[in-house]
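Coordinate analysis (summary)
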Amino acid sequence: MSDVPDRLPPGELRASDADREQVAEVLRAAAAEGRIELPELDDRLGRVYAARTYAELEPLTRDIPRAVGDAVARRTGHDLDRPRPPRWGFGVLSGFDRRGRWVAPRSFQAVAFWGGGKIDLREAQLDGNVIRVRALAVMGGIEIVVPDDADVSITGVGLMGGFDQRASGLGSPGGPRITITGFALWGGVSVRRRGRPRR
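The following refers to the structure shown. In this text, all values refer to a predicted model and were calculated from it rather than measured experimentally.

Per the counting criterion, the structure on display carries 13 salt bridges. In this structure, Arg 35 and Glu 33 form a salt bridge, with 2.6 Å as the shortest nitrogen-oxygen distance. Here Glu 123 ties to Arg 101 by a salt bridge, and the two come within 3.8 Å at their closest N and O atoms. Placement of the pair is Glu 123 in the loop between β5 (116–120) and β6 (125–126) and Arg 101 in the loop between β2 (95–98) and β3 (103–104), with a sequence separation of 22 residues. Counted as one network, the salt bridges with shared partners bring together Glu 40, Arg 44 and Asp 63.

To continue, consider the nonpolar core. Of all hydrophobic cores here, the largest spans 27 residues; its most connected members are Ile 119, Leu 121, Ile 142, Ile 144, Ile 180 and Val 189. Those elements that provide at least two residues to this core are β4 (107–113), β7 (130–138), β8 (141–147), β9 (151–154), β12 (177–185) and β13 (188–194). Among the elements that make up this core, the one with the highest residue count is β7 (4 residues). In contact with Leu 121, other than residues within four places in its own chain, are Trp 102, Leu 126, Ile 131, Val 133, Val 145, Val 146, Pro 147, Ile 178 and Arg 196. Listed in part, the 15 residues of the second largest apolar core include Ala 15, Val 23, Leu 41 and Leu 57.

Strand order in this open sheet of 5 strands is β2-β5-β8-β13-β11, and the pairing throughout is parallel. Each edge of the open sheet is held by one strand with a lone partner, namely β2 and β11 (162–163).

Below, the discussion takes up the environment of Ala 184. Along the polypeptide, Ala 184 turns up in strand β12. When the C-alpha positions of Ala 184 and Ala 137 are compared, they lie 4.6 Å apart, and in sequence the two are 47 residues distant.

A regular strand places its side chains on the two faces of the sheet in alternate fashion. The side-chain alternation of strand β1 (residues 88–92) yields one buried face, formed by Gly 89 and Gly 91, and one unburied face, formed by Trp 88, Phe 90 and Val 92. In this structure, β1 lies alongside β4, joined through 5 bridges in parallel fashion. If you follow Trp 88 over to β4, its bridge partner there is Gln 109.

Before going further, it helps to spend a moment on the side chain of Lys 118. Tracing the sequence through the fold places Lys 118 in strand β5. Among buried Asp, Glu, Lys and Arg side chains, Lys 118 stands out as unpaired, with Glu 143 the closest opposite charge at 4.1 Å. Beyond its immediate chain neighbours, meaning those up to four positions away, Lys 118 contacts Phe 96, Asp 97, Arg 98, Arg 99, Glu 143, Val 145 and Arg 192.

Turning our attention to the packing of aromatic side chains. Scanning all chains against the criterion turns up 3 aromatic pairs. Measuring from centroid to centroid gives 5.7 Å for Trp 102 and Phe 108, while their planes differ by 70°, and the two rings are edge-to-face. For the pair Trp 102 and Phe 108, one class covers both residues: buried. Between the aromatic rings of Phe 113 and Trp 114, the centroid separation amounts to 5.7 Å while the plane-to-plane angle is 5°, which identifies the pairing as stacked.

Let us look at helix α3 (residues 38–50). Between its terminal C-alpha atoms α3 stretches 18 Å, which fits the 18 Å expected from 13 residues at 1.5 Å a residue. Along α3, the residues that are buried comprise Leu 41, Arg 44, Leu 45 and Val 48. All buried residues of α3 project into a common sector of 105° when viewed along the axis, lining one side. Residues Pro 39, Asp 42 and Ala 50 are exposed on α3 and point more than 90 degrees away from its buried face.

Turning our attention to helix α2 (residues 17–32). Taking 1.5 Å as the rise per residue, α2 with 16 residues should run 22 Å; its terminal C-alpha atoms sit 22 Å apart, in good agreement. Within α2, burial applies to Asp 19, Arg 20, Gln 22, Val 23, Ala 24, Val 26, Leu 27, Ala 29, Ala 30 and Ala 31.

So, how was this worked out
- Residues numbered from 1 in each chain as written.
- Predicted model: local features only at pLDDT ≥ 70, side-chain atom pairs only at ≥ 80, totals over all residues.
- Heavy atoms only, no water.
- Salt bridge = Lys/Arg side-chain N within 4 Å of Asp/Glu carboxyl O.
- Helix = DSSP H or I, 4+ residues; strand = E, 2+ residues; numbered from the N terminus.
- Core = buried A, V, L, I, M, F, W, Y, C linked by side-chain atoms within 4.5 Å.
- Buried < 20%, exposed > 50% of the residue type's maximum accessible area, 1.4 Å probe, protein only.
- Contact = heavy atoms within 4.5 Å.
- Pairing = 2+ DSSP bridges.
- Lys, Arg positive; Asp, Glu negative; His and termini not counted.
- Phe/Tyr/Trp six-rings, centres within 6.5 Å; stacked < 30°, edge-to-face > 60°.
- Expected span 1.5 Å × (residues − 1).
- Arc of directions from axis to C-beta.

Structure (structure tokens):
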């Protein structure tokens, strides 16, 4: 059951006491600057401490400038804006799938052993617009889809298998920076560029 949080949208993940305290700090800082009045602060704090998920916390600071949250994060050492994203994808005699709108970490490890996996970064929310994917495919396959505006660097190696390098190259100014490394043995890692989906 350890992979259950990976299947949930980020907003449905459970918030911790530290997360609630972080939101409360942002609200208190905003009240100290005169951005919200004391009765509204009391109301929002009540909702903070009653919140169970990130989705319930997020609206409480939506209208507060990011700079206030950044100042609190620097002071407390926490960044509340999003839950900790999954850092691993395992396909061991099975498969994994990361696509659609998901929060991606700066470093993601993908393993396929007699199995497979798909990582689609076109709609992923990247931390700092940067991600490093380390892919290991042993008698299995990993498919990685990158947006066509990304700067992509691929340095993986294939031994009796393939590690596709054709998607390497520059993207558009301001596009994400994606680094893909790893190893394929009797398996393969494919990397393809595609346009971002229209919604």
